[in-house]
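Architecture at a glance
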Amino acid sequence: MPNMPCEVIKDLLPLYIDQVCSESSKQLVEEHLAKCDSCKAEYTKMQQEIRLPQETAALNRTEANAIKEISAFWNRSIVKATLKGGLIAVLLCLVIFFGNMGLRQWNVLNVPSSIIEIADVSQLADGRIAYHVRLKDGYDLNQVSFNIDDKGNFYSIPRRPIIKAKPLVDKGLHNMYYIFDIAEIKAYQLSNSKVKDIEALYFGSKKDPVLVWKKGMKLPPANDKVEAFFTANEGELKADIPFP
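Since the model is a prediction, treat every value here as computed from it, not as a measurement.

Some points on the state of the cysteines
- All chains considered together, the criterion is met by zero disulfides.
- The thiol of Cys6 is not disulfide-bonded; the next cysteine sulfur, from Cys39, is found 3.7 Å away.
- Note on Cys6: relative accessible area 27%, which makes it partly exposed.
- With no disulfide of its own, Cys36 lies closest to Cys39 among cysteine sulfurs, the gap being 3.6 Å.

Things to note about the UniProt feature "domain: Putative zinc-finger" (unreviewed entry) in the protein chain
- Residues annotated by UniProt as "domain: Putative zinc-finger" (unreviewed entry) correspond here to residues 6–39.
- In residues 6–39, helix accounts for 76% and strand for 0%; the two terminal C-alpha atoms are 7 Å from one another.

Quick word on unusual backbone geometry
- Here the phi dihedral of Gln19 falls at roughly 60°; this positive angle occurs in a residue that is not glycine.
- Mapped onto the elements of the fold, Gln19 is located in the loop between helix H1 (6–17) and helix H2 (23–33).
- Classification of Gln19 by relative accessible area gives exposed; the value is 71%.
- The backbone of Asp120 sits at a positive phi, close to 55°, despite the residue not being glycine.
- Locating Asp120 in the fold gives a position in strand E2 (residues 116–123).
- What makes Asp120 partly exposed here is its relative accessible area of 33%.

Side note on the packing of aromatic side chains
- Counting across every chain of the model gives ten aromatic pairs.
- Ring geometry for Tyr131 and Tyr178: centres 5.8 Å apart, planes at 20°, overall stacked. Here Tyr131 is found in strand E3 (residues 129–135), whereas its partner Tyr178 is found in strand E6 (residues 175–180), with 47 residues between them in sequence.
- The class for Tyr178 is buried, based on a relative accessible area of 2%.
- Note on Tyr178 and Phe203: the rings are 5.4 Å apart at their centroids and 70° apart in plane angle, and the pair reads as edge-to-face.

Let's talk about helix H3 (residues 37–48)
- Between the first and last C-alpha of H3 there are 17 Å, a value that for twelve residues agrees with the 16 Å anticipated at 1.5 Å per step.
- Along H3, the residues classified as buried are Cys39, Tyr43 and Met46. Buried positions in H3, seen along its axis, are confined to an arc of 65° and lie on one side of it. Among the exposed residues of H3, those oriented more than 90 degrees off its buried face are Asp37 and Gln48.

A look at the pairing of strand E7 (residues 200–205)
- Burial within E7 is extensive, with five of its six residues counted as buried.
- Alignment of strand E5 (residues 153–160) against E7, held across four bridges, turns out to be parallel. Looking at E7, one finds that Asn153 is bridged to Ala200.
- Where E7 meets strand E8 (residues 208–214), six bridges bridge the pair, whose relative direction is antiparallel. Counterpart to Gly204 in the pairing with E8 is Pro209.
- The hairpin turn running from E7 into E8, its antiparallel successor, is two residues long.

Comments concerning the sheet that holds E2
- One open sheet accounts for three strands, arranged E2-E3-E6; its pairing is antiparallel. Two strands lie at the open edges of the sheet, namely E2 and E6, each paired on one side alone. Across this sheet, the average inter-strand angle for adjacent strands is 25°, counted without regard to direction.
- Where E2 and E3 come together, six bridges link them in antiparallel fashion. What sits directly across from Ser122, in E3, is Ala130.
- Across the face of the sheet, helix H7 (residues 224–232) comes into contact with E2, E3 and E6 while running at roughly 75° to E6.

What about the pattern of salt bridges?
- All chains considered together, the criterion is met by six salt bridges.
- Notably, a salt bridge pairs Asp197 with Lys215, separated by 3.8 Å at the nearest N-O pair. With Asp197 in the loop between helix H6 (182–191) and E7 and Lys215 in the loop between E8 and H7, the pair connects residues that are 18 residues apart, well separated along the chain.
- Taking relative accessible area as the criterion, Asp197 reaches 38% and is therefore assigned partly exposed.
- Across the pair Glu199 and Lys215 runs a salt bridge whose closest N-O atoms are separated by 3.9 Å. Linking Glu199 in the loop between H6 and E7 with Lys215 in the loop between E8 and H7, this pair joins segments that are 16 residues apart in sequence.
- Assessed through its relative accessible area of 31%, Glu199 is described here as partly exposed.
- Among the charged side chains, a salt-bridge network with shared partners connects Asp137, Arg160 and Lys164.

Definitions and limits used
Residues numbered from 1 in each chain as written. Predicted model: local features only at pLDDT ≥ 70, side-chain atom pairs only at ≥ 80, totals over all residues. Heavy atoms only, no water. Disulfide = S-S within 2.5 Å. Buried < 20%, exposed > 50% of the residue type's maximum accessible area, 1.4 Å probe, protein only. UniProt positions renumbered as here; feature names shortened; annotations may be inferred. Helix = DSSP H or I, 4+ residues; strand = E, 2+ residues; numbered from the N terminus. Phe/Tyr/Trp six-rings, centres within 6.5 Å; stacked < 30°, edge-to-face > 60°. Expected span 1.5 Å × (residues − 1). Arc of directions from axis to C-beta. Pairing = 2+ DSSP bridges. Axes fitted to C-alpha atoms, helices over the stretch in contact; angles between N-to-C directions. Contact = heavy atoms within 4.5 Å. Salt bridge = Lys/Arg side-chain N within 4 Å of Asp/Glu carboxyl O.

This is the structure:
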């Protein structure tokens, strides 16, 4: 609390002696007396004098209420109000900014299996597995992450932000062919000392996956259109299997 002038403290001393001032005023007086010899001497002198008559004490109670209002006004000073207003404005801007980013850009929600449609699962001439994914709700897909568990199950996990958006184009992560290269994955695992046979491929989260392929499953050869498409886009489509 800021230092109060001696004149104010001396005005408060009669109220303090009669114990009719507020707790905040009492604390203010006591803190000042601990530091100011002049006011402490005045306090000692007042204690030795005749106590205030009842009428004066009643009047002082009224004045004590006025002192409370002055103290409240002091706490609502212009500087304090300005700082508080500035802090609130900054916090509000941060909440709006990060809230918008979180709702529209952070991919935190897994796409449920109920809207995942897997079709045309086949095997390319080079051994890679091709399959088509379409999300049936008509919304865009922002991200597909990948994970392999300790049982050899490979998960392609589609994720979206909380606020979904319609796709700008018909083709994209929400509606396209994906490839799965077991040999490439094994090479990556070997380089990271994590050799594990791939037992199955799923599209979806671990808790809610859709099976695409599992070990021992006989796949039909890819048709000419799919084979030609992946051959023509070889350089681009290998990016479908990034690793963390």
